[in-house]
Amino acid sequence: MHVEFILLILSLLFFVSIFADKIGYKYGVPALLLFLTVGMFFGSHGIAALMGTSSIEIKTDTAQALSTVAMCIILFTGGLETKLSDIKSVLLPGITLATLGVMITCAITGVMIYFLFGWLNAVTTVSIWLALLMAATMSSTDSASVFSVLRTNGIGLKHNLRPLLELESGANDPMAYVLTTTLISVVLSTDTFVGMVRPVETLPIIQTIVIQLVMGTVLGLAFGEGLVLLMRRVKLGNEALYPIMILTACIFIFAITYYLKGNTYLAVYVGGLIIGNNKFTRKRQTKSFFNGLTWLSQLVMFLMLGLMVEPAELLHYRVWLPCLIISIVMIFISRPLAVWLCMLPFRQYHQRDKLLLSWVGLKGAVPIIFAIMCKAGGIPFADLIFNVVFLCTIVSLLVQGTTLTVVAKKLALDTPGREARSLEYFDLDLPDEIQSSAREVEVTERILAKGNTPRDIDIPPHTLIIMVRRAEDFFVPTGASELQVGDRLLVISDTDAEATYKQMTDEAEEEALWRAQMRAKIKERWMKITAWMQRK
């Protein structure tokens, strides 16, 4: 197959996927699910089979290499976008969910998979270690999937749940990774059939997990701080090189941590967290650069999964039936139990908060990467693991992804999302402190009802108009500057603190109201049941 033909097909795939993302924003369908559909459409059993032409074949080694780079970029961007000031108040519950929560989810799901395959005999009877490995690949939540859904409808979350989910979903992938790699080595060192499994010493496994997590954290902190010091002292002649420099640092942190026997993905996430919370030149452009790379990485991962999947294998009931049961177990049993057990020490979270956290267990690109690692490692029944991950990802995106905003609204936990604040017409490199409180306002006839100068219009207190954009021209206004309908105003306000304070004072009242409504509904239904029993 010629290189030009491959490039043509790839460019068409990317075009279709990008416009599919636009459709997802419009109709509330998770964009990653649409990427997956595009990959299947162009796969070996899609349009290529209909046209009688060859499709793009993805080898396992190539898929693993692409997966490694994609995972590295996704986690680094997650750390880069996370603000320490936001997660300080949720540090303990977030780390608990990201570590203990992943382990509980893996354990519960693994045991269920073990008994499920023994009962159904879907493909073969698997060992407990292989069942735990299958569960480990799907034990973490995907931050990009969660917040792509939230961005679709501009939904934010009350009670500080959004930073909690950001921390958990960014930090739980390294835990799932160390569980997956450890269980891969255990499975390869034992027989996978029941009755032939040799005993495995658990203490060395626990020691390996602890050492990897500690080393990953320490190396991420060290190299992150080192890069910040380097960037403050070195001035590059070309400003376009700053994002490239940080991308190089991201890859370097991953590679050096691997050779120092640490958790590579945890080091990358911590390194991104340190770098993102320090000031450096062209920070906003760097974040935009990595956001684009993250979407590209996920797009590539889901397209690759769609191209690699064999639909004929998925249609057999001995495959899709256990996959469906596993998905139900993870959505309604494993994830809720893990959340409720992990949240027991943290009394500030109410029942509604735990219900929403239980529902936010979306799967995304990460389980795909772990499934490919299993195939590349020569794990027995690796194709089965791959098919399970594929179907569980689809079910998660369809069930949880399409209903996440609905659940948030039903639980009265939704607020206007932060993305509404992003600057579209003013592409300025503002400090984070200013960027977070900056907004764009379009001048309308209603705004100019009392006059067409800044001193005539009604603006909220503690708000300043710092720039006006008219067509392609910019100017700094004075009190006597004339404004026109269609002008764009860049305003900065400190009223966010007041809004946050008001929201915090209303939380107790909201919780009491929700509880009263739930009690009223239960009482009403109980009365209906009692009346029906009396009639009988």
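Each remark here, short or long, concerns the structure printed above.
This structure is a prediction, so every number in the text was calculated from the model and none was measured.

Criteria and cut-off values
- Residues numbered from 1 in each chain as written.
- Predicted model: local features only at pLDDT ≥ 70, side-chain atom pairs only at ≥ 80, totals over all residues.
- Heavy atoms only, no water.
- Helix = DSSP H or I, 4+ residues; strand = E, 2+ residues; numbered from the N terminus.
- Contact = heavy atoms within 4.5 Å.
- Areas by Shrake-Rupley, 256 points an atom, 1.4 Å probe, with all protein chains shown as cover.
- Expected span 1.5 Å × (residues − 1).
- Buried < 20%, exposed > 50% of the residue type's maximum accessible area, 1.4 Å probe, protein only.
- Axes fitted to C-alpha atoms, helices over the stretch in contact; angles between N-to-C directions.
- Parallel < 35°, antiparallel > 145°, perpendicular 65-115°, else oblique.
- Nonpolar A, V, L, I, M, F, W, Y, C, P; charged D, E, K, R; others polar.
- Phe/Tyr/Trp six-rings, centres within 6.5 Å; stacked < 30°, edge-to-face > 60°.
- Pairing = 2+ DSSP bridges.
- Left-handed = near helix turned anticlockwise from the far one by under 90°.
- Polar contact = N/O pair within 3.5 Å; in protein donor to acceptor, adjacent residues only side chain to side chain.
- Core = buried A, V, L, I, M, F, W, Y, C linked by side-chain atoms within 4.5 Å.

> So what exactly am I meant to see when it comes to the overall build of the chain here?
Scanning the chain from N- to C-terminus turns up 21 helices and six strands. Pairs at least 24 apart in sequence give 81% of the contacts found in the chain among residues at least 6 apart. Roughly 26500 Å² of accessible area belongs to the chain as shown, and the carbon and sulfur atoms make up 64% of that amount.

> Is there a simple way to explain helix H4 (residues 60–81) in this structure?
In an α-helix, one turn spans 3.6 residues, which is why side chains three or four residues apart end up on the same side. Compared with the 32 Å implied by 1.5 Å per residue over 22 residues, the 31 Å span of H4 between its first and last C-alpha is a close match. Every buried residue of H4 is accounted for by Ala-63, Ser-67, Ala-70, Met-71, Cys-72, Ile-73, Ile-74, Leu-75, Phe-76, Thr-77, Gly-79 and Leu-80. Where H4 is buried, its residues meet helix H9 (161–188), helix H11 (241–259), helix H12 (264–276), helix H13 (283–308) and helix H17 (365–376).

> Honestly, the packing of H17 against helix H18 (residues 382–401) in this entry has me stumped. Any pointers?
Between two packed helices, both the angle of their axes relative to each other and the distance between the axes serve to describe the pair. The N-to-C vectors of H17 and H18 enclose an angle of 170 degrees; their axes lie 8 Å apart at closest approach. Considering the angle they form, H17 stands roughly antiparallel to H18. Each of Pro-367, Ile-368, Ala-371, Ile-372, Cys-374 and Lys-375 in H17 lies in contact with H18, whose residues at this interface are Ala-382, Asp-383, Ile-385, Phe-386 and Val-389. Partitioned by chemical class, the residues of the contact of H17 with H18 number nine nonpolar, no polar and two charged.

> I would appreciate a short explanation of the environment of Leu-97 in the present structure.
With respect to the element layout, Leu-97 can be found in helix H6 (residues 91–120). Separated by 72 residues in the primary sequence, Leu-97 and Ser-169 have C-alpha atoms spaced 8.9 Å apart. Not counting residues up to four positions away in its chain, the partners in contact with Leu-97 are Val-102, Leu-164, Glu-168, Val-339, Cys-342 and Met-343.

> Teacher, can you tell me more about the packing of aromatic side chains here?
Think of a pair of aromatic rings as described by two things: how far the centres are apart, and how the planes are tilted against each other in angle. One pass over the full model with this rule turns up nine aromatic pairs. Seen in terms of ring centroids, Tyr-177 and Tyr-265 are 4.5 Å apart; in terms of plane orientation they differ by 85 degrees. Their pairing is edge-to-face. Here the residue Tyr-177 occupies a position in helix H9, and Tyr-265 occupies one in helix H12, the gap between them amounting to 88 residues. On the basis of relative accessibility, which here comes to 13%, the residue Tyr-177 falls in the buried class. Taking the centre distance of 5.5 Å and the plane angle of 90 degrees together, the rings of Phe-223 and Phe-252 count as edge-to-face. With Phe-223 in helix H10 (residues 202–233) and Phe-252 in helix H11, the pair connects residues that are 29 residues apart, well separated along the chain. The exposure class assigned to Phe-223 is partly exposed, which follows from its relative accessible area of 25%.

> Can you walk me through unusual backbone geometry in this structure?
One can expect most non-glycine residues to show negative phi and most peptide bonds to be in trans. We note that Lys-261 has phi near 65 degrees; this positive angle belongs to a residue other than glycine. Mapped onto the elements of the fold, Lys-261 is located in the loop between H11 and H12. Positive phi is not limited to glycine here, since Ala-412 has a value of about 55 degrees.

> Help me out: how do you make sense of the sheet that holds strand S5 (residues 473–475) in this one?
By definition, the strands of a sheet pair up through backbone hydrogen bonds, in either a parallel or an antiparallel sense. Spatially, S3-S6-S4-S5 is the arrangement adopted by the four strands of the open sheet, whose pairing is antiparallel. Looking at strand neighbours, the two that pair on one side only are strand S3 (438–442) and S5, the edges of this open sheet. This sheet shows a mean twist of 30 degrees between the axes of neighbouring strands, independent of strand direction. In this structure, strand S4 (residues 463–470) lies alongside strand S6 (residues 488–493), joined through six bridges in antiparallel fashion.

> Looking at this model, I keep getting lost on the packing of H4 against H17. Mind explaining?
Between H4 and H17, the shortest axis-to-axis distance is 9 Å and the interhelical angle comes to 145 degrees. In the crossing of H4 with H17, the sense of the turn from one axis to the other is left-handed. Contacts between H4 and H17 pair Thr-60, Ala-63, Gln-64, Ser-67, Met-71 and Ile-74 from the former with Ala-365, Val-366, Ile-369, Phe-370, Ile-372, Met-373, Lys-375 and Ala-376 from the latter. Residues that form the contact of H4 with H17 fall into these classes: 10 nonpolar, three polar and one charged.

> Help me out: how do you make sense of the side chain of Ser-127 in this one?
On the secondary structure map, Ser-127 appears in the loop between H6 and helix H7 (128–136). Judged by relative accessible area, Ser-127 falls into the buried class, the value being 2%. A distance of 3.2 Å separates a polar side-chain atom of Ser-127 from the backbone nitrogen of Leu-130.

> Honestly, the nonpolar core in this entry has me stumped. Any pointers?
Generally speaking, a soluble globular protein has its nonpolar side chains buried in company with each other. Core analysis: the largest hydrophobic core is formed by 115 residues, its most contacted members being Leu-133, Ile-326, Leu-356 and Ile-379. Ranked by residue count, the leading element in this core is H9, at 14 residues. Of all hydrophobic cores here, the second largest spans eight residues; its members include Val-443, Leu-448, Leu-483 and Val-491.

> Even after reading the chapter, I still don't get the pairing of S4, so can you show me in this structure?
Along a regular strand, successive side chains alternate from one face of the sheet to the other. Pairing geometry for S4 and S5, over three bridges, is antiparallel. Its bridge partner lying in S5, Arg-469 is registered against Phe-474.

> Would you take a moment to explain the side chain of Ser-140 for this structure?
Tracing the backbone shows Ser-140 in the loop between H7 and helix H8 (143–152). In this structure the side chain of Ser-140 is engaged in a polar contact, spanning 3.0 Å, whose partner is the side chain of Asp-173. For Ser-140, the residues in contact, after removing those within four places along its chain, are Asn-172, Asp-173, Ala-176, Leu-362, Lys-363 and Val-366.

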